[in-house]
Structures are given as C-alpha cells and as structure tokens.
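# An overview of the molecular structure
Each chain, letter by letter, is given below.
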Amino acid sequence: VGPAVFSPSAAAEESEFCDDTQHERIVVGTVQTLTAPDGSLLPDAGGTQVLSGFRFWVDHMNSRGGIKVGNKIVIVELLYYDDAGSAESSREYYEKLVYEQRVDFLLAGGSISEDALFAITNNSRT
C-alpha cells in the first residue's frame, strides 16, 4: 500500500506571498486509522478527524504562501498512511515515513499512532 499525499492547494500557487520562483517543500508525515480492518471507511473515526485537522493546517499555511524558515518560504506537503487500526501497521508505516520517504516532521494523533511513533523515536536515538 502506498502513501496518500495531500499536496499544497492551488491557493498556495496563487497566493500574494508567492512569486514565480520554485519554493522548497517540507514534508510532514502521519499515520492514522481511516478504515476498519475489513477495508470499510470510518468517516467518524478519530483518525479521520485528526487527518482533517492536519489537512486544514496544511491548506491554511500554504494559502498564505507557506512557512517562513529563516529567510526562505517553504510549502508544506502532508504524506499519510492508513493503518486500519493495526498497531503493527502503524509502526511499519512510521518506519517507512522515516527511513524510506525521509519526511521532515512526524505527526501523531491517537493512541495507536502515538505508541508507534514513540517506539520508533526511542529506537532511533543513538
């Protein structure tokens, strides 16, 4: 299963804060429970609501032109996986986000994703 990507909105491309230059991007990754183990959608699940909040934040920041980091403006991209309520899948997807997709930031929301993220960050410390 591949990740889903929530890219910057068209509003970011037309924002008064943006010019025609190519903007750098930061990629934020998360794992949420969006479907049940049988594949059925869970529109009222906590993960769906958390993801909606993350999407709102990304859209809001990008509609303003992005985030200022030092003297650069960066556009935010959200990369996410659906763990289907499985703690093991959540851990595996967070590992993919860190080691394969090499996201810049990780977000969690909910006990399954928080526990998985905690385990990965503790194992990554040297």
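The preceding data block contains the structure.
Each residue is numbered by its place in its chain's sequence as written, counting from 1. This being a predicted model, a pLDDT of at least 70 is required before a residue's local features are given, and a value of 80 or more before pairs of side-chain atoms are given or counted; all residues contribute to the totals for chains, interfaces and linings. Where side-chain values are given, they derive from all heavy atoms of the structure, hydrogens and water being excluded.

## Here we look at the packing of aromatic side chains
Test applied: Each Phe, Tyr or Trp ring, with Trp reduced to its six-membered ring, pairs with another whose centre is within 6.5 Å; inter-plane angles below 30 degrees give stacked pairs, above 60 give edge-to-face pairs, and intermediate values give tilted ones. What counts as a helix is a DSSP run of H or I of at least four residues, what counts as a strand is a run of E of at least two, and both are numbered from the N terminus. Accessibility here uses a 1.4 Å probe with only protein chains present; expressed as a share of the type maximum, an area under 20% marks a residue as buried, one over 50% as exposed, and anything in between as partly exposed.
Here the structure, examined in full by the defined rule, presents one aromatic pair. Plain terms: the ring middles of tyrosine 81 and tyrosine 93 are 4.4 Å apart, the flat faces sit at 5° to each other, and that makes the pair stacked. Note that tyrosine 81 is positioned in strand β4 (residues 72-82) and tyrosine 93 in helix α3 (residues 87-100), a separation of 12 residues in sequence. Here tyrosine 81 falls in the buried class, since its relative accessible area comes to 2%. Judged by its relative accessible area of 13%, tyrosine 93 falls in the buried class.

## A word on the nonpolar core
In plain terms, the rule: What is meant by a nonpolar core is a set of buried Ala, Val, Leu, Ile, Met, Phe, Trp, Tyr and Cys residues, joined one to another through side-chain atoms within 4.5 Å.
If you look at the biggest cluster of nonpolar residues, it comprises 12 residues: Ile26, Val28, Leu34, Leu51, Phe54, Val58, Met61, Ile67, Val74, Val76, Leu78 and Tyr80. Breaking this core down by element, the ones donating at least two residues are β2 (24-32), α2 (46-63) and β4. Counting 11 residues, the second largest nonpolar core, distinct from the first, contains Val27, Val31, Leu79 and Ala116.

## A word on the side chain of asparagine 62
Heads up, the condition is: By the criterion applied in these results, polar contacts are pairs of N or O atoms within 3.5 Å in which, for protein atoms, one can donate a hydrogen and the other can accept it, and in which residues neighboring in sequence qualify only through two side-chain atoms.
Topologically, asparagine 62 is positioned in helix α2. For asparagine 62, a relative accessible area of 0% puts it in the buried group. Within the local environment of asparagine 62, its side chain forms a polar contact with the backbone oxygen of valine 76, the two atoms lying 2.7 Å apart.

What is shown is where atoms sit, not what they do.
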